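Summary of structural features
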Amino acid sequence: MENKAVIIDLKNISISFDDQPILKDVSLEIHDGEFVTLLGPSGCGKTTTLRIIAGFLSPDSGDVIFEGKKINGVPAHKRQVNTIFQRYALFPNLNVADNIAFGLKLQKKSKSEIKKIVEEMLSLVNLKGFEKRNVSSLSGGQQQRVAIARALAVKPRVLLLDEPLGALDLKLRKDMQSELKAIQQRLGITFIYVTHDQEEAMSISDMIVVMKKGVVQQVGEPQKVYDDPVNLFVAKFLGTPPINVFTGRVEGEKLMIGDEAVLDVKGAPDGEVYAAVRPEGFILDENGPLTCKLSGVEVMGRDVSIVSRHKASVNPIIRAIIGSDNKVDTASATVRFSLKPHKTFIFGKDSEERIRFGE
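Analysis parameters
Residues numbered from 1 in each chain as written. Predicted model: local features only at pLDDT ≥ 70, side-chain atom pairs only at ≥ 80, totals over all residues. Heavy atoms only, no water. Core = buried A, V, L, I, M, F, W, Y, C linked by side-chain atoms within 4.5 Å. Buried < 20%, exposed > 50% of the residue type's maximum accessible area, 1.4 Å probe, protein only. Helix = DSSP H or I, 4+ residues; strand = E, 2+ residues; numbered from the N terminus. Contact = heavy atoms within 4.5 Å. Pairing = 2+ DSSP bridges. Axes fitted to C-alpha atoms, helices over the stretch in contact; angles between N-to-C directions. Expected span 1.5 Å × (residues − 1).

The next point concerns the nonpolar core. Formed by 37 residues in total, the largest nonpolar core has its most connected members in Ile100, Leu152 and Phe191. Contributions of two or more residues to this core are made by helix H2 (96–106), helix H3 (111–124), helix H4 (140–153), strand E7 (158–162), helix H5 (170–187) and strand E8 (190–195). Examining the composition of this core, we find that seven residues originate from one element, H4, more than from any other. Leu152 has contacts with Met121, Leu124, Leu159, Ile183, Leu187, Ile189 and Phe191, leaving out every residue within four places of it along the chain.

Pasting the structure below:
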């Protein structure tokens, strides 16, 4: 992605509604041809960011740059972007072909050109033969495909997608995620996607932008953000099962959880911390330094989930994922672990910012 040109550059964007800040000094570069996902909980500002890019909202301060040109005052219909919403906003009185052709007719394309583009779009979204079908007779997944085809028919430089799969059931969501990614790769245009679903974001994105309360927390490739979170919020927001968080402290470059020194943390200063361990960061070890109360074992086929508790755990339960070839003594009251350093993170107790060690 490094070699691709910046297509959208947000510079210090801020906006408030009723004196409540929604975005606070957001700066973000999006490159041509990327699939970028704005990710965060409800109210974090991701949809507002999308609407500012689309031209539906104007920022109180800051600039929206499109291919090097400031477009703050450019109305939505004159921007080279198109938007797909969770509610598809199809025209129920029109058939599939006419829905797809709607924007092309506004552009005053010739009938032959419209016919050609509609056929291309139907093929792209796997709806060949549906031209004359009324959209109200289609399934939710088929309607979403029509909405995608209509948005892409006018050949936008950027496609904005605001929780477009939220109304679909789980299986359809998974299918459509794969289809959207395939369409984006085939066309090579920029997709900017909004979701609160971190699994969805991790599976389809080239880059994710994690947001919280109107502030960008971290930007990066999904796996890199998962492996290297900058703060406790990002660490907790990404990952299924969620990361295991403990209260702890650093003493003499040792991470202490309870009374146990569980990991060497060379270079980390003494002080109160949160220690966070990914579920795959535990090693079953009868001589391991971390002792937990065993609650149960869940067999998952290839893996096993060990469920335990600890008085220093912030989570109600601790979940450790290990290979199924490991044998757990289920008759024991306790289970002991060693920790993988690259799957264990520490954060300042007050700041919740990452404290790096061993580097």
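Having seen the structure, we can now continue with the description.
Pairing is antiparallel across the open sheet formed by five strands, whose spatial order is E15-E19-E16-E17-E18. Each edge of the open sheet carries a strand with a single partner, namely strand E15 (282–284) and strand E18 (318–323). Each strand axis lies, on average, 50° off the axis of its neighbour in the sheet, ignoring direction. Inspection of the sheet shows E15 paired to strand E19 (residues 334–339) by three bridges, in the antiparallel sense. Following the sheet pairing, Leu284 is matched in E19 by Phe337.

What follows deals with H5. A rise of 1.5 Å per residue sets the reference length of H5, with its 18 residues, at 26 Å; its end C-alpha atoms lie 26 Å apart and thus fit the reference within 8%. The complete set of buried residues in H5 reads Arg173, Met176, Gln177, Glu179, Leu180, Lys181, Ile183 and Gln184. Looking at the buried residues of H5, the elements they touch are strand E3 (35–39), H3, H4, E7, E8 and helix H6 (198–204). At the exit of H5 stands Gly188, carrying a positive phi of roughly 75°.

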